[in-house]
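# Overview (structure and organization)
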Amino acid sequence: MESNGYRILDSYKPGNAHFDEVFIDSGKPKEHYQNTVDHFNKLTLSDYERINNEVKSSFFNQGITFAVYAEDKKPDERIFPFDLFPRIIPKDEWQELENGVLQRNRAINLFLNDIYHKKLILKDKVVPADLIFSSKNYLKEMVDFTPPGGIYTHVSGTDLIKHTDGKYYILEDNLRCPSGVSYVLSNRLALKKSLFDLFNKLKAKAVYQYPEQLLEILKTVKPKNVDVPTVVVVTPGMYNSAYFEHSFLAQKMGVPLVEGRDLFVEKNFVYMKTIYGPQKVDVIYRRVDDEFLDPMHFRKDSMLGVPGLMNAYRAGNVTLANAPGTGVADDKAVYNYVPDIIKYYLNEEPILNNVKTYHCDREDDLKYVLENIDKLVVKPVDESGGYGITIGSTLTSEEIDAVKVKIKADTRKYIAQPIMSLSVHATYIEDNKEFEPRHIDLRTFSLLGKNSEYVLKGGLTRVALKRGNLIVNSSQGGGSKDTWVLD
Amino acid sequence: MLSRVANNLYWMGRYIERAEHFARYSKVIYFSALDAPILKTYDRDFVQESMLYMAGIFDMESKTEKDVLFKIGLDAQNSNSIISNVSMARENAHGARSAISTELWEAINRYYHLVISYPVDTYLTTGFYEFTQMILDQTSIVRGKIYGTLLHEGEWAIILIGMYIERVVQVIRIINSKLNDVFKIEQAGHSVTEQSFEWTTLLKCVEAFDMNRKHYASIPDKNQVLEFLLLNQSCPRSISNSLSGIMRYEEKIRISEKRDSETIGFKIGKLQQKYQYLTIDDFKDNVYELLNYTQEKILEIGSEFEKKYLSY
Amino acid sequence: METFYIEYTIENNYEKPVKKANFGLLILPAKNPFQTIKEQSMCCSDGKESFISPNIFGFDLITHYIDKPFTRFLFKLFATVEVKKLNPFQITTLSPLEEFAIITSVDYQIDNHLFLTSTSLTKMPWNHGIWFPVYRSEQSLFDYLLELNNFIYKLLSYSPQSTNVDTPIEEVLKIKKGVCQDFAHVFISVCRENKIPARYVSGYLIQGDAYIGASQLHAWVEVLIPELGWVGFDATNNLLVDNNYIKIAHGTDYRDCSPIVGVLETAGQQNSKHLVIVKNQQQQ
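Residues numbered from 1 in each chain as written. Chains lettered and ligands numbered in written order. Predicted model: local features only at pLDDT ≥ 70, side-chain atom pairs only at ≥ 80, totals over all residues. Heavy atoms only, no water.

### Thoughts on the overall build of chain C
For chain C, the count of helices and strands is 6 helices and 15 strands. Taken over C-alpha atoms, the radius of gyration comes to 20 Å for chain C, in line with the 19 Å a tight globule of 284 residues would show. Overall, the C-alpha framework of chain C stretches about 60 × 45 × 35 Å when taken along its three principal axes. Of all 284 residues assigned to chain C, the portion counted as buried reaches 56%. Within chain C, contacts between residues separated by at least 24 positions form 75% of all contacts whose residues are at least 6 apart in sequence. For chain C, the accessible surface area stands at approximately 12,700 Å², while carbon and sulfur atoms represent 53% of it. Of the side chains in chain C, 24 bear a positive and 30 a negative charge, and the two mean positions are spaced by 7 Å. (Helix = DSSP H or I, 4+ residues; strand = E, 2+ residues; numbered from the N terminus. Rg over C-alpha atoms; globule rule 2.2 N^0.38 Å. Buried < 20%, exposed > 50% of the residue type's maximum accessible area, 1.4 Å probe, protein only. Contact = heavy atoms within 4.5 Å. Areas by Shrake-Rupley, 256 points an atom, 1.4 Å probe, with all protein chains shown as cover. Lys, Arg positive; Asp, Glu negative; His and termini not counted. Charge placed at Lys NZ, Arg CZ, Asp CG, Glu CD.)

Written as structure tokens, this is what we have:
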């Protein structure tokens, strides 16, 4: 208790080598964390553990779990680890982030519209045409087709980190089916229950509006001649690792959660099979990848898709969000051009920084990469979820040689970036029963509709729970924190 | 409502109900046998046979008590075990996750986790009562959430149709199973008083003992018990009451139909009417016949219901 | 002006009942300035009227959604098409050098990228060991294409059933045999290697005049020639496309033009029969 002088954050040693979000070097909390640190210091360790366990069992009962798939094994159901200590972002710092994210989304949307129509940015040689046309995510089905409202990226997730210099850097854009937003809302709910006192002292911006905003955005891009659109969420099914999120969003929006097999296309209209017969569907928030959408067009073996969906889409009778073919813009090789893309379409300076990126298909870059692998992170351009990432500083010389061979075999497939130093945040480590600095990043969620845009205030702070680990993805042992934007 | 989701809800209802009947039957049979008056015929083998009969298992090789308890309770390989039924209920709820309330989902999910994490050792040694009682308690919670947290519309009605169809099926099985036991005892030449113990057990198997007492205020005998469990409209697990339930909830989701004897509504209605105007004297000599007929009809109604509303 | 009568029949028989199916048929003669459809009728075993809508390249796609179990799918098309006489030997006013400059310009390459990007069916293997003619600025594109047409005609021998619709070029060049799709894919591939926009065309070919490949749907290639537009080459017959050819559709490769695409729910095998009849009206 306080009376005997023990305070649970006293043993915390700030991560001096990295940017510590909570404390300054002397161990004093930063101003915007003062209330929170005081609050935690009033708790005994057993109080803290009790709250922590309550939250954990509440997540478990809610089924906020994800499945980890490994070859030859049954999927393993786990709770998404959650840390009670919230990440706090001051108002002004957030405003700049929000502006930067929106700027980026607007530019990317214009870019997609351009590369599927006039291709001016390619003709002006700002972005190499080959890079676009050789991408497997560039879809001929989208050429010269304008999606309703001209919107491609209705939902984007932008991954950011804070480097040792205290500045935010964009790590990557997620323009296909970014997931994680359900965790943001669930985390907030859990924290409100367990730290309600603290909410009285700090005013954190609300996050619960996201599903309503998403539904509104989806309605703005309804097909022509539809008054009140029927909106559905399409999921690959309950065995998908993000099924919790799909059902969460459908339920919070109050719309049906459907699978491909619930839908069919007749005469270019999409219907769902209900107990009273077919019902027309107008807007589909789909959480199924492009290549599985329509076996008539893409993968013939897809059991998740709807035969004829692309024709219905191109006929303008149904809206898909996000539009197919947006993956061409979140390709890690295109990432490097995003600052130029922003300047090209918006005539503005990018608000948020990119991380320096080396493209292995460029001779000079390849040479640099091969000579400096130990200082770089090597990533395949077309994978997500943290798969295939190699961090040079952790490799033996044999492993480095193996990576070199891999890169040389397919140079278009790899990019490399300097090892960015993710900021650290005080995080409770159950095994050691104390708070320790752990690396974090931030995924923001933004929505783009016809004449409307929205950014979820805060986003998902992901934390790498293993000491020294830089990969924060849940499939790689990462957890999350509630993120508070101060009012 | 999506047909696939309706299918999930219907089967969720059936599995929840099924797990409850299995657990209750096993519990009652097992514990009432411990001090049964006819110890000689009522030995452990007899009890195990009865439990296996109810669970539809006829091909067990080793039949030690532990094997039997494991098989019907926590054997995930046995698709008829309690754990399998609860898993299937949860799986179906998961598939219909966005169509049911958070409260109902959490109740089912918690139920499922309690069952799958129940230690096998404890179950086989000291926990059999606690485990089966837990199933009954969790079922009550889930049933409460079904009534209290869903709009009394389509989704709710479909879950209940599933539960009531399953109830008819299981109550018939329970009665059959007990008639079977009594037949063996009769053959061994035991008295009517000794048989009354069996009728008491049967009532307990469907949680109807106290209700029966209240209604008749006398020691239960065969005809009285059968009248109660088949025909009594007020007894929540009687066949007659369950058929009314199916009819009531089917009407909730029915869209206008032609007057046609082939429709589901017609078939349920006819069966229910038959029970409304039946007396014990009509069937006391032919109980098996009536039970078989009802079982056949209810399965037919179930499969037509699936075809009409649940196929996708 | 010549008038052709076309009959196309497809019959699929299934071992086990098909629960439901989606079919897309790309078999209707295209509407363009060279060919006019005078009459057209079709019927399908599902008893429903065909639904026609544009595919991604704007060609009429017939679709049928069937949700009642069946074991046989039968579709018939009858059409009468009027084809304009045209002289395939057209002359451009551009010098070879001017032509070359246009073709290799960035904007031209970008505008026609769909027909310049290699696909899995038109991907040229790196070690085929064949000296295909190379397009140079000294030669007119048209002359080059005639040379290429002749080269491929001689390189491959026409051999029904030697390949299937998924056979990659690598295999075709190894066995030096193929059907019209393979001739077209090889032609397209060489063009794209030389940065010349080329597209796959499916269509009908008049029967009875000793053309190769007329008993089934035929395939040829269209190449974009500055000033002239898209010009058709048929390497299978070493011919230029003329009024004996009736176009259905074009695309980046066979997959954009397959006459029938079906997605079905069934467990068993199927067997498939196609019958094509193309007659000059006078022959009737």
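Next comes the rest of the account.
### Looking at the overall build of chain A
Looking only at helices and strands, chain A has 15 helices and 22 strands in total. Relative to the 2.2 N^0.38 estimate, which gives 23 Å for 487 residues, the radius of gyration of chain A is 23 Å and therefore close to what a compact globule would have. Structurally, chain A occupies a C-alpha span of about 75 × 60 × 50 Å along its principal axes. Taking contacts inside chain A between residues at least 6 apart in sequence as the whole, the part at least 24 apart equals 68%. Of the roughly 19,700 Å² that chain A leaves accessible, carbon and sulfur atoms contribute 49%. The centroid of the 63 positive side-chain charges in chain A is displaced by 3 Å from the centroid of its 67 negative side-chain charges.

### Observations concerning the interface of chain A and chain B
With 22 residues of chain A in contact, the opposing surface of chain B contributes 27 residues. Summing the contributions of chain A and of chain B, the shared interface buries around 2,200 Å²; its carbon and sulfur component is 51%. The three residues of chain A that bury the most area against chain B are N61, Q251 and I275 of chain A, which together make up 29% of that side's buried surface. At the surface where chain A touches chain B, the tally comes to 2 salt bridges. Between E259 of chain A and R4 of chain B there is a salt bridge, with the nearest N and O atoms lying 3.3 Å from each other. Remark: the boundary between chain A and chain B carries 16 residue pairs in polar contact (both at pLDDT 80 or more). Of all the secondary structure elements, the ones that give two or more residues to the side of chain A that touches chain B are α2 (45–62), α9 (243–253), β7 (257–258) and β9 (269–274) of chain A. For the side of chain A that touches chain B, the leading source of residues is α9 of chain A, giving 5 residues. Residue composition of the side of chain A that touches chain B, grouped by class: 10 nonpolar, 6 polar and 6 charged. (Buried area = accessible area lost by both parts, 1.4 Å probe. Salt bridge = Lys/Arg side-chain N within 4 Å of Asp/Glu carboxyl O. Polar contact = N/O pair within 3.5 Å; in protein donor to acceptor, adjacent residues only side chain to side chain. Nonpolar A, V, L, I, M, F, W, Y, C, P; charged D, E, K, R; others polar.)

### Concerning the layout of surface pockets
When its volume is computed, the second largest pocket comes out at roughly 1,000 Å³. Forming the walls of the second largest pocket are 40 residues, and the residues nearest its centre are P295 and K300 of chain A together with G262, V263 and L264 of chain C. If you list the elements that add at least two residues to the lining of the second largest pocket, you get β8 (263–266) of chain A together with β1 (2–18), β2 (21–25), α6 (254–257), β14 (260–264) and β15 (270–280) of chain C. Ranked by residue count, the leading element in the lining of the second largest pocket is β14 of chain C, at 5 residues. Of the residues belonging to the lining of the second largest pocket, the class tally is 20 nonpolar, 12 polar and 8 charged. (1 Å grid on protein atoms, 1.4 Å probe; cavity = no way out; pocket = protein on both sides within 12 Å on 5 of 7 lines; lining within 4 Å. Points joined across faces, edges and corners; volume = space filled by probe spheres on them.)

### A closer look at the nonpolar core
Ranked by size, the top nonpolar core spans 202 residues in total, and within it L230 of chain B together with F73 and Y204 of chain C carry the most contacts. Broken down by element, the residue count for this core peaks at 17 residues, all from helix α8 (residues 154–187) of chain B. Counting only domains with at least three residues in this core, you end up with domain 1 (2–84 + 258–283) and domain 2 (96–256) of chain C. Setting aside its immediate chain neighbours within four residues, F73 of chain C contacts I10, E11, N12, Y14, F23, L25, C44, S45, I66 and I260 of chain C. By size, the runner-up hydrophobic cluster in this structure holds 60 residues, among which are L215, L218, V255 and L257 of chain A. (Core = buried A, V, L, I, M, F, W, Y, C linked by side-chain atoms within 4.5 Å. Domains from an automatic or database assignment.)

### Considering the sheet that holds β8 of chain A
One key point about sheets: their strands pair by backbone hydrogen bonds, in either a parallel or an antiparallel sense. Residues and elements named next belong to chain A. Strands sit in the order β8-β9-β10 across an open sheet of 3 strands; the sheet is antiparallel. Where the open sheet ends on each side, the last strands, each with one partner, are β8 and β10 (277–281). Strand-to-strand twist across the sheet, computed as the mean angle between neighbouring axes with direction ignored, equals 40°. Relative to β10, β9 is paired through 5 bridges, and the arrangement is antiparallel. Note on β10: the bridge partner recorded for Y271 is K280. (Pairing = 2+ DSSP bridges. Axes fitted to C-alpha atoms, helices over the stretch in contact; angles between N-to-C directions.)

### What to know about the packing of helix α2 (residues 44–54) of chain B against α8 of chain B
All names here are of chain B. Between α2 and α8, the least distance of the axes is 10 Å, while the angle of their chain directions is 150°. It follows from the interaxial angle that α2 and α8 lie roughly antiparallel. Relative to α8, the crossing made by α2 is right-handed. Contacts from F46, S50, Y53 and M54 of α2 reach α8 at Q170, R173, I174, N176, S177, N180, D181 and K184. Of the residues in the contact of α2 with α8, the class split is 4 nonpolar, 5 polar and 3 charged. (Parallel < 35°, antiparallel > 145°, perpendicular 65-115°, else oblique. Left-handed = near helix turned anticlockwise from the far one by under 90°.)

### Let's talk about the sheet that holds strand β6 (residues 70–83) of chain C
All names here are of chain C. The antiparallel open sheet is built from 4 strands, whose spatial order is β3-β6-β1-β15. Of all strands in the sheet, those with a lone pairing partner are β3 (35–44) and β15, marking the two edges. Across the sheet, the mean angle from the axis of one strand to that of its neighbour is 10°, orientation sign disregarded. Alignment of β1 against β15, held across 11 bridges, turns out to be antiparallel. Within β15, the residue paired with I6 across the bridge is V278.

### Considering the pattern of salt bridges
Note that side chains of opposite charge can pair when their charged atoms are close. Residues and elements named next belong to chain A. Under the counting rule described, the total for this entry stands at 58 salt bridges over all chains. Among the ionic pairs, D482 bridges to R188, the shortest N-O distance being 2.7 Å. Taken together, the positions of D482 in strand β22 (residues 478–485) and R188 in helix α6 (residues 181–194) put the pair 294 residues apart, joining distant regions of the chain. Ionic pairing is found between R261 and E259, a salt bridge with its closest N-O pair at 2.6 Å.

### Some points on the pairing of β9 of chain A
Residue and element names in this part refer to chain A. Across 4 bridges, the pairing between β8 and β9 is antiparallel. Bridging across to β9, V265 finds its partner in V270. In this structure, the hairpin formed by β8 and β9 is closed by a connection of 2 residues, where K267 is found at a positive phi of approximately 50°. If you look at the hairpin formed by β9 and β10, you'll find 2 residues sitting between the two strands.

### Describing the side chain of E2 of chain C
When you line up the elements, E2 of chain C lands in strand β1. Setting aside its immediate chain neighbours within four residues, E2 of chain C contacts V81, E82, V83, K85, N243, N244 and N280 of chain C.

### Remarks on the environment of S105 of chain C
Among the secondary structure elements, S105 of chain C is positioned in the loop between α1 (96–104) and α2 (106–111). Exposure remark for S105 of chain C: the relative accessible area of 28% places this residue in the partly exposed category.

### A word on the domain arrangement of chain C
All names here are of chain C. Domains assigned within chain C are domain 1 (2–84 + 258–283) and domain 2 (96–256). Taken together, the contact between domain 1 and domain 2 spans 27 residues of the former and 22 residues of the latter. In total, domain 1 and domain 2 occlude about 2,000 Å² of area from one another, counting both sides; carbon and sulfur atoms represent 61% of this. It is F57, V276 and V278 in domain 1 that bury the most area against domain 2; as a group they hold 29% of the surface buried on that side. Applying the counting rule to domain 1 against domain 2 returns 0 salt bridges. At the junction of domain 1 with domain 2, the criterion picks out 4 residue pairs in polar contact (both at pLDDT 80 or more).

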